[in-house]
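Single-letter residue listing:
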Amino acid sequence: MNFRILSLLRLSKKTFFLNYSSKAQTNFKMSSWEKEKKEFLSMPLEAKRKVYKCNKPVLLDDVPTWAEYAEMQSSLPEKIPLLTTNQIDNAQNTQLAKKISMFRGDITTLEIDAIVNAANKTLLGGGGVDGAIHRAAGPCLKQECQTLHGCQVGEAKLTGGYMLPAKYVIHTVGPQGEQPGYLAECYKNSLNVMKAQKLRTIAFPCISTGIYGYPLKPAAHVASMEVRKHLESNSDSVDRVIFCLFSEEDEILYKQILQSYFPLK
């Protein structure tokens, strides 16, 4: 076979491959959740607010920082001291007290970058916070979660927020019972996802303290310490970390424990 014929054959194969690739790309269709996710993330805020399931979203400016909250109180309950194994950089106290908040209310109403879902291993919805988030986000959340093939204890995985006021949901699976190593991984990995996605605001529920049976006080020590460690190293990239609390008991405990992990002076 002479050189000219060989060159023509090679050119013909290349043209076929390029045409085939172009046609394949043209025929590719995004799944419904991918289209919905893209649409919600690019939607103007006022337009998105019309699809929220909550009557009134809670804006970041509606949630006082820990420093602001403490200043409004005539007094705070007796503080719970740091665990002896935990240490903080006191030079950052004043700055970091402005980076965190307590919020007693429905996490699905927060209009921020990301809320954390205390999920089960399937990521397909359940009871408590998990079920509430799935209901408020709409069916596309479950469709996207089905593509993630579950989640192990301590891991964290990101999805869109869809009809939630929050742009994203970070799903993490907490341990059953008191296992501080795994619970610390939930907080640490969720914050690392936040950092990787360049998100600036996040809210955590009290992971594992419901039906998973983790005692509230030890869980609050873990949550506070992991958030503190992350902020000490990444304060410039975070605007706010919100501890979303369910009950009056939760709120009183966090008033006590935040005095030690986030001192005001």
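If you look the chain up in an unreviewed UniProt entry, it shows as Macro domain-containing protein from Photinus pyralis.

Draft legend 1. Representation of the overall build of the chain in the model. The secondary structure content of the chain amounts to 10 helices and eight strands. Relative to its full complement of 265 residues, the chain shows a buried share of 46%. Across the chain, the fraction of contacts at a sequence separation of at least 24, relative to all contacts at a separation of at least 6, is 74%. For the chain, the accessible area works out to roughly 14,400 Å², and carbon and sulfur atoms hold 54% of it.

Draft legend 2. Broad picture of the environment of D106. Mapped onto the elements of the fold, D106 is located in the loop between strand 2 (100-104) and strand 3 (110-111). Classification of D106 as partly exposed rests on a relative accessible area of 40%. Along the primary structure D106 and P205 are separated by 99 residues, whereas in three dimensions their C-alpha atoms are 9.5 Å apart. Within the local environment of D106, its side chain forms a polar contact with the side chain of T108, the two groups lying 2.7 Å apart.

Draft legend 3. Up close: empty space enclosed by the protein. Within this structure, the stated rule accounts for one cavity of 30 Å³ or more. In this structure, the largest cavity spans a volume of roughly 30 Å³. Forming the boundary of the largest cavity are K37, F40, L41, K48, G160, G161, Y162 and K167. In terms of residue count, the dominant contributor to the lining of the largest cavity is helix 2 (residues 32-42) (three residues). Taken together, the residues that form the lining of the largest cavity break down as three nonpolar, two polar and three charged.

Draft legend 4. Structural view of the layout of surface pockets. The calculated volume of the largest pocket comes to roughly 730 Å³. Mapped by element, the contributors of at least two residues to the lining of the largest pocket are strand 4 (114-119), helix 6 (128-137) and strand 8 (240-245). Considering each element in turn, the lining of the largest pocket owes the most residues, three residues, to helix 6. Considering only residue class, the lining of the largest pocket consists of 13 nonpolar, nine polar and three charged. Roughly 210 Å³ of volume is contained in the second largest pocket.

Draft legend 5. Region of interest: unusual backbone geometry. For L123, which is not a glycine, the phi torsion comes out positive at approximately 65°. Positive phi, close to 60°, is recorded for K198, a residue that is not glycine. Here K198 is to be found in the loop between helix 8 (180-196) and strand 7 (201-204). A residue is classified by how much of its surface remains accessible, and K198, at 72% relative accessible area, is exposed.

Draft legend 6. Structural detail: the packing of aromatic side chains. In this structure the tally under the stated criterion is four aromatic pairs. A centroid spacing of 6.4 Å and a plane angle of 85° characterise the contact between F40 and Y162, whose relative ring orientation is edge-to-face. On the criterion of sequence distance, the pair formed by F40 in helix 2 and Y162 in the loop between strand 5 (156-160) and strand 6 (168-173) is long-range, its members being 122 residues apart. What makes Y162 buried here is its relative accessible area of 2%. Relative to Y254, the ring of F243 lies with its centre 5.2 Å away and its plane at 40°, an arrangement referred to as tilted. Within this pair, whereas F243 is found in strand 8, its partner Y254 is found in helix 10 (residues 248-261), the two being separated by 11 residues in sequence. In this structure, R228 is placed above the aromatic ring of F262, and the distance from its NZ or CZ to the ring centre is 5.6 Å.

Draft legend 7. Fine view of helix 10. Between the first and last C-alpha of helix 10 there are 20 Å, a value that for 14 residues agrees with the 20 Å anticipated at 1.5 Å per step. Helix 10 sits mainly inside the fold: 11 of its 14 residues count as buried. Residues of helix 10 that are buried: D250, E251, L253, Y254, K255, Q256, I257, L258, Q259, S260 and Y261. Where helix 10 is buried, its residues meet helix 4 (66-72), strand 2, helix 9 (216-234) and strand 8.

Draft legend 8. Here's a closer look at the sheet that holds strand 6. Across the sheet, six strands lie side by side as 2-8-7-4-6-5; this open sheet has mixed pairing. With one partner strand each, in any of the chains shown, strand 2 and strand 5 form the two edges of the open sheet. Between one strand axis and the next, the sheet turns by 25° as a mean value, whatever way the strands run. Sheet analysis places strand 2 next to strand 8, joined by five bridges and oriented parallel. Note that in strand 8 the partner of M102 across the bridge is F243.

Cut-off values and rules
Residues numbered from 1 in each chain as written. Predicted model: local features only at pLDDT ≥ 70, side-chain atom pairs only at ≥ 80, totals over all residues. Heavy atoms only, no water. Helix = DSSP H or I, 4+ residues; strand = E, 2+ residues; numbered from the N terminus. Buried < 20%, exposed > 50% of the residue type's maximum accessible area, 1.4 Å probe, protein only. Contact = heavy atoms within 4.5 Å. Areas by Shrake-Rupley, 256 points an atom, 1.4 Å probe, with all protein chains shown as cover. Polar contact = N/O pair within 3.5 Å; in protein donor to acceptor, adjacent residues only side chain to side chain. 1 Å grid on protein atoms, 1.4 Å probe; cavity = no way out; pocket = protein on both sides within 12 Å on 5 of 7 lines; lining within 4 Å. Points joined across faces, edges and corners; volume = space filled by probe spheres on them. Nonpolar A, V, L, I, M, F, W, Y, C, P; charged D, E, K, R; others polar. Phe/Tyr/Trp six-rings, centres within 6.5 Å; stacked < 30°, edge-to-face > 60°. Lys NZ or Arg CZ within 6 Å of the ring centre and 35° of its normal. Expected span 1.5 Å × (residues − 1). Pairing = 2+ DSSP bridges. Axes fitted to C-alpha atoms, helices over the stretch in contact; angles between N-to-C directions.

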